[in-house]
2 protein chains.
Amino acid sequence: MAPALELLEKPAQYLPVKALSAIGNGDIARVGLESTEKHERVMNAFRAFIADLCQQYGEGHAGSPMGMAAIGISLYKYVMKYSPNNCNYFNRDRFVLSNGHACLWQYLFMHLVGVKSMTLEQLKSYHSAKLDSVCPGHPEIENEGIEVTTGPLGQGLASAVGLAMATKNLAATYNKPGHELVNNMTWCMVGDACLQEGVGLEALSLAGHWKLNNLCVIFDNNSVTCDGTADVANTEDINTKMRATGFNVVDVYNGNSDVPEITNALLAAKLSDKPTFINIRTTIGYGAAKAGTADIHGAALGVDEVANFKRRFSLNPDEHFHIPQDVYDFFSDIPGRGEAHEAGWQNALVNYQNEDPVLAAEFALRVAGKMPEDWTKCIPRTADQPTAPTATRKSAGVVTNALAVNINSFLVGTADLTPSVNVAYKNKVDFQSPELQTACGLNGTYSGRYIHYGIREHAMCSISNGLSAFNKGTFIPMTSTYFVFHLYAAAGVRMAALQGLQQIHIATHDSIGVGENGPTHQPIAVAALYRAMPNVLYIRPCDAEEVAGAYIAAIQATETPTVISLSRQSLTQYPQNSSREGTLKGAYVFTEAEGGDFDVTLIGVGSEMGYAMQTRELLLSEHGIRARVVSFPCTRLFEQQSREYKQSVLKSRAGKPTVVIEAYPSNGWERYADAAVSMNSFGKSLPSKETYEHFGFAPESIAPKVKDLVEEVRRDGIGILRGDFRDFNGSLRIGVEHKRFYKVYE
Amino acid sequence: MAPALELLEKPAQYLPVKALSAIGNGDIARVGLESTEKHERVMNAFRAFIADLCQQYGEGHAGSPMGMAAIGISLYKYVMKYSPNNCNYFNRDRFVLSNGHACLWQYLFMHLVGVKSMTLEQLKSYHSAKLDSVCPGHPEIENEGIEVTTGPLGQGLASAVGLAMATKNLAATYNKPGHELVNNMTWCMVGDACLQEGVGLEALSLAGHWKLNNLCVIFDNNSVTCDGTADVANTEDINTKMRATGFNVVDVYNGNSDVPEITNALLAAKLSDKPTFINIRTTIGYGAAKAGTADIHGAALGVDEVANFKRRFSLNPDEHFHIPQDVYDFFSDIPGRGEAHEAGWQNALVNYQNEDPVLAAEFALRVAGKMPEDWTKCIPRTADQPTAPTATRKSAGVVTNALAVNINSFLVGTADLTPSVNVAYKNKVDFQSPELQTACGLNGTYSGRYIHYGIREHAMCSISNGLSAFNKGTFIPMTSTYFVFHLYAAAGVRMAALQGLQQIHIATHDSIGVGENGPTHQPIAVAALYRAMPNVLYIRPCDAEEVAGAYIAAIQATETPTVISLSRQSLTQYPQNSSREGTLKGAYVFTEAEGGDFDVTLIGVGSEMGYAMQTRELLLSEHGIRARVVSFPCTRLFEQQSREYKQSVLKSRAGKPTVVIEAYPSNGWERYADAAVSMNSFGKSLPSKETYEHFGFAPESIAPKVKDLVEEVRRDGIGILRGDFRDFNGSLRIGVEHKRFYKVYE
């Protein structure tokens, strides 16, 4: 094992036990710390139970939960403000287990403090085939007492930053002197991984910048990862790095058993003017023979060693899944204390209502997770939409502006693209620490709702998960970046979809028409991901009216993240054709063919609708082919419609092929079309129009191909197309052409 | 603007100009530094040219290139070892412009030092509609003198770490005392963004850990991003953070014009025992009226201001795109010096061949980008494949082992999943700094080829781009992680695909059968992304024989990254059916129906092949339905085949439907099938078999549905299926079910 690189002096923030009564909610002052003997009784029983559980299934993560036993006592017995009888009490402290594989630790403490759904039977169902288990392999938001789903490493940490932001914003918006409606802490457990993952590092930088002193990151520093000792891939000086990132850093050297020291450190976090990072040295699998090694990270101890472990700590090796009564007793005051917290908050709420009924009403609405009913007024009326060519990013800006100006639920952020994404709203105030007004001259405060995330797309989306999860509906976070950078953020958006968190992601520059930025900025394959991802609405509106529809869909989808995909370039508006109601159905008839009967259906999508409509004209004028056009902004919404509606839109009939026109790969369009004008390679650095022309999207290129197809189908029937989908631009290729000047030495 | 937070003392590594002759390749000692006046002449002309270029097109990035003029002189005139007449000279210093939007800076310096393809005409084509431009909006690897494509921020920085690793590994493998075949530096320019993006932060942590002292990160610290001053989203102490990350930090305070100071700092990097971070304060758009503001980040100066700028620096405002002869003269010695470097290296190569002809031959092969011809011996013979159920991750491990043991081109890495991904090979030596052997007791050295990337999937893949790009074919990096985490890494893999870089990504745990880790670890939508991404081979083998085929495909695809998608769970082996040759064609007939004629085609894919084969049996025994089975490991490879071959495999005929069985969304399979047994939601935390059963993959669930479909088609014809693709498990839904215990306060 490597020597620790951290500084060894105790930080100034470290508080002596006798100072505890000065702090926070006073729980400690009232209850006092129990004796070391009692703590040891609890820890021994806790660790034995974990060992039994993992042994029962022959696998599971035993090591971290055993190492974190003392930390759990500090959090669940002494420090956290929560109510086991109502895990969703609004002003509760939020706890996030970012090292989600250690979930047994959380499940067992939830059982001990009296969370009703967490029964012994449920605990024993961990890693079993029980369908209604509340003990899945990672914590899941659906289950009582779990704030956010974790597992993919770094995600919980970013969510915790969002949860802490939510508190700051609500507190700054609604608290008044003598009326603290919202003042909870956010506690986040992390392991080595969360401090290595980029999304975690991005989120930490922001937490430090924003001075989120209501956030405490607790590092279970057991120095072991799957590959062995953590220093096999990491030898940085984490304490110094965290200080440089804007954190208060507190060291705990005996995290295995020194409950008072851990408790002190946690309480110190509540006094800090910065976010706090507690570096707690623990031993993975503490007490077991293989303690301190990677062997115990994701494995059971073995029958003999479980027995030995129990003997080592004076427990009966023949007792399994045994919680002694005195251990239950140790936590027996928690439900009552929780109810007192809750009652105190209800009381504060009543006083607040008397003080300021108007603000109290707004607060109540947000606690209920509801928007003001007149939000629909923020959506531009059809009659007011532009008729001149307009980029959909501009049309979206109009809607964002109205929503953000009028409704406090919207937190609008950008990954450093304010000049390009059009989400900056009128009289916006930045979300910033007020201290930075003095230090840096920044304009902002915690009640501000415009968020500069910096160039951190992944953290932006993952932090948004915390904002959404704080209390569903209290916030609707909006993010903004170029669509191609949603590939950086995809793992974050996926966590929103998995958790059923409402968000609106403004994704501009969504086609090959982004101009000279070139292929690195042209999001060829990203749409395929979001169309396939469960519980995501990916919507590509073709003009301002469809943009309005996209926002309505996004706001109505209260358990779904929506990605609104927008053009950089100006697009023709189709006031005679486009429809918000049609957009809400995913696809609709944009225009029937001249005269009613038709030869071919063209599917136009988002930024490429203009090419479909121009092709339609050319087909008629040059080739006498009658084309109808279907607008198809959202495949997911279309799939929700009735079979009858779908058939009325697609009108697939023998002898009349359907061609989709979209500057992405055709993957998935085969469901609705027989042929595609699509992209089979990455893009190119050219002006918008020239890029489309280069890749065969000019109507003059498309029309003859469609004509040939129509004639072929007339001649040979539609049957020939089965298993023979036509990609007019070829299929996706392997290999790229290189003109690099190699000089080979052989 | 915020006050700088960095320490203000000059670091010890700072060298006085007079010490220059002690350093490195001696260029400075030989040429000496030119006068301040000459430097200013060059900078003024350089900045005016940039201003002219952006003005010509009315946009483009003028600010950063103007601010970085002095840095460019230091690099291109004094410090970098390169040869403009042969930009691919093997032992050249690698230069990466990670802030790729500043590409005009690089293009113009390449022109000044005499890179032939970079003509004045080409420069002037920047942001024009010129198809064969070598001046795209971001640097592209296809063009002479560009080491890696950059643009998506943070990617270049990670690639630079890979380039520096490549040098270290080659040097440790081939250099001998007195024979330095490989000793180049890697220089990487970054802006604020690369230091904010998670992938950049992950890569920096690794560079510090590995003590890559041949890497120098040059921070163009102009304190401005798109959103305004950088402190709007970042107030960390970057110097302290970089020191804590393991970097040597050097400050330069006048980066706008102090060429000697910049040169000193760059040369100091060559003496460091750690990677070096040079924090150079510059002014964005130096010399222009809007210098130092975000307004000049991505915009032209305006006609009047371009003229004013020229007047300000005593240039003729009526001259455009003008490079004075003395500016050309300033760089006129560069081509000759470059040729001397190259000649010296050729000479060293000859001496080395005399010293050690065997190693020299291997080195020559690698310089030529070739593998030993007998690599095929590393692929297990068909006759030696297992017949008992085996996880494909295990079968893949056998191949990885043989390749890695025998061929030095393979660098095998893992994102901290050594115990799970089976890529650790026999007698592996870790890639580590030898110094850490003493400091941490780690077993490893720079010639080691097993790479512990830590829990940093994105950096793992993006660093691999640098390894691949060092010299195409010299390295074939292999990475490994769970497939779901390829969502973290997707932006990195995309850059490999865009650049045509060969890599093998081992992606295990690829289905819903990953066990109790649950939905966070079940990669429902990830395959859709990689199947749609141009120039990626995504291969899902169904057994060991198809695994062999996947590796052969990956090794043969020399300009393509391959993702080999593998099961955690044991899979039935099909020695009578599976075929490596079939795998190379993407899809093939796995088994025809009993007796020849058939009623339905089942497509089996990867880890789900067993369900297809079992369904086939059940259809016959229970329902008298004759099914043939097609194995479909790779859609991309199949699309390369002839129409005849495709039809022979799919055999689509009226009245005989095709059903695909895969535990991913059906998106894209509509091209080959009429119906799907697929996933329409995220997964669940259950044991492998129970998960499949829960989601309807048991043959007992599938067979009756297929029977109904066959009968419906017999009755109504195949026509009814058009535009009416059957997802047996329903279509992808919006909204998720929540059983959360909400208590609402209203």
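For clarity, every value in this text was computed on a predicted model and none was experimentally measured.

A. Representation of the UniProt feature "domain: Transketolase-like pyrimidine-binding" (unreviewed entry) in chain A. The sites that carry the UniProt feature "domain: Transketolase-like pyrimidine-binding" (unreviewed entry) are, in the present numbering, residues 390-573 of chain A. The span residues 390-573 of chain A is 37% helical and 18% strand by assignment, and the distance between its end C-alpha atoms comes to 7 Å.

B. Seen up close, the interface of chain B and chain A. On the chain A side, the residues contacting the 165 residues of chain B number 166 residues. Between chain B and chain A the total buried area reaches about 13,400 Å² when both faces are included, carbon and sulfur atoms providing 55% of it. Counting the contacts that link chain B with chain A gives three salt bridges. Its salt-bridge partner being Arg671(B), residue Glu670(A) comes within 2.8 Å of it at the nearest N-O pair. Within the side of chain B that touches chain A, the residues separate by chemical class into 67 nonpolar, 52 polar and 46 charged.

C. Quick look at the relation of the copies chain B and chain A. Taken as rigid bodies, chain B and chain A are interconverted by a rotation of 180 degrees and an axial shift of 0.0 Å, the fit giving an RMSD of 0.0 Å. The two molecules are tied by a two-fold rotation axis, judged by turn and shift.

D. Looking closely at the sheet that holds strand 21 (residues 658-661) of chain B. Residues and elements named next belong to chain B. Pairing within the open sheet is mixed, and its six strands lie in the order 18-20-19-21-22-23. Each end of this open sheet is capped by a strand with a single partner; those strands are strand 18 (588-591) and strand 23 (726-727). As paired elements, strand 19 (residues 600-604) and strand 20 (residues 627-631) share five bridges and run parallel to each other. By the bridge assignment for strand 20, Leu-602 is matched with Val-629.

E. How the structure looks around the packing of helix 8 (residues 198-209) of chain B against helix 18 (residues 457-469) of chain B. Residues and elements named next belong to chain B. Put simply, helix 8 and helix 18 touch, their axes get as near as 8 Å, and they point 75 degrees apart. Here helix 8 is positioned roughly perpendicular relative to helix 18, judged by the angle of their axes. Residues Val-199, Glu-202, Ala-203 and Leu-206 of helix 8 pack against Glu-457, His-458, Ala-459, Ser-462 and Ile-463 of helix 18. Grouping the amino acids of the contact of helix 8 with helix 18 by side-chain chemistry returns five nonpolar, two polar and two charged.

F. Structural detail: the sheet that holds strand 19 (residues 658-661) of chain A. All names here are of chain A. The mixed open sheet is built from six strands, whose spatial order is 16-18-17-19-20-21. At either margin of the open sheet sits one strand with a lone partner, and together these are strand 16 (588-591) and strand 21 (726-727). Here helix 23 (residues 609-623) sits on the sheet in contact with strand 16, strand 17 (600-604), strand 18 (627-631) and strand 19, set at roughly 170 degrees to strand 18.

G. A look at the nonpolar core. Ranked by size, the top nonpolar core spans 345 residues in total, and within it Tyr530(A) and Tyr530(B) carry the most contacts. Excluding anything up to four places from it in sequence, Tyr530(B) contacts Phe483(B), His486(B), Ala489(B), Ala490(B), Val493(B), Val536(B), Tyr538(B), Val563(B) and Arg636(B).

H. Representation of the pairing of strand 21 of chain B in the model. Residues and elements named next belong to chain B. A two-sided burial pattern is seen for strand 21, the buried positions comprising Thr-658 and Val-660 on one face and Val-659 and Ile-661 on the other. In this structure, strand 19 lies alongside strand 21, joined through four bridges in parallel fashion. Within the sheet, the bridge partner assigned to Leu-602 lies in strand 21 and is Val-659. Here strand 21 pairs with strand 22 (residues 675-677) via three bridges, running parallel. What sits directly across from Val-659, in strand 22, is Ala-675.

I. The arrangement of unusual backbone geometry in detail. In the Ramachandran plot, Phe321(A) falls in the positive-phi region, its phi being about 50 degrees despite a non-glycine side chain. With respect to the helices, strands and loops of the structure, Phe321(A) is situated in the loop between helix 11 (303-312) and helix 12 (325-330). Residue His509(B) is not a glycine yet carries a positive backbone phi of 55 degrees. If you trace the backbone, His509(B) turns up in the loop between strand 14 (503-508) and helix 20 (526-532).

J. Inspection of the pattern of salt bridges at higher detail. Under the criterion given, the structure shown has 64 salt bridges over all chains. Here Glu662(A) makes a salt bridge to Arg531(A), at a shortest N to O gap of 2.8 Å. Residue Glu662(A) is found in the loop between strand 19 and strand 20 (675-677), and its partner Arg531(A) is found in helix 20 (residues 526-532); the two are separated by 131 residues along the sequence. Grouping residues by exposure puts Glu662(A) and Arg531(A) together as buried. The closest approach of N and O atoms between Glu711(B) and Lys707(B), which form a salt bridge, is 3.7 Å. Pair noted here: Glu711(B) and Lys707(B) are both in helix 27 (residues 699-716), with a separation of four residues, about one helical turn. You can call Lys707(B) partly exposed: its relative accessible area is 22%.

Each value, and the rule that gives it
- Residues numbered from 1 in each chain as written.
- Chains lettered and ligands numbered in written order.
- Predicted model: local features only at pLDDT ≥ 70, side-chain atom pairs only at ≥ 80, totals over all residues.
- Heavy atoms only, no water.
- UniProt positions renumbered as here; feature names shortened; annotations may be inferred.
- Helix = DSSP H or I, 4+ residues; strand = E, 2+ residues; numbered from the N terminus.
- Contact = heavy atoms within 4.5 Å.
- Buried area = accessible area lost by both parts, 1.4 Å probe.
- Salt bridge = Lys/Arg side-chain N within 4 Å of Asp/Glu carboxyl O.
- Nonpolar A, V, L, I, M, F, W, Y, C, P; charged D, E, K, R; others polar.
- Least-squares fit on C-alpha atoms with pLDDT ≥ 70 in both.
- Pairing = 2+ DSSP bridges.
- Axes fitted to C-alpha atoms, helices over the stretch in contact; angles between N-to-C directions.
- Parallel < 35°, antiparallel > 145°, perpendicular 65-115°, else oblique.
- Core = buried A, V, L, I, M, F, W, Y, C linked by side-chain atoms within 4.5 Å.
- Buried < 20%, exposed > 50% of the residue type's maximum accessible area, 1.4 Å probe, protein only.

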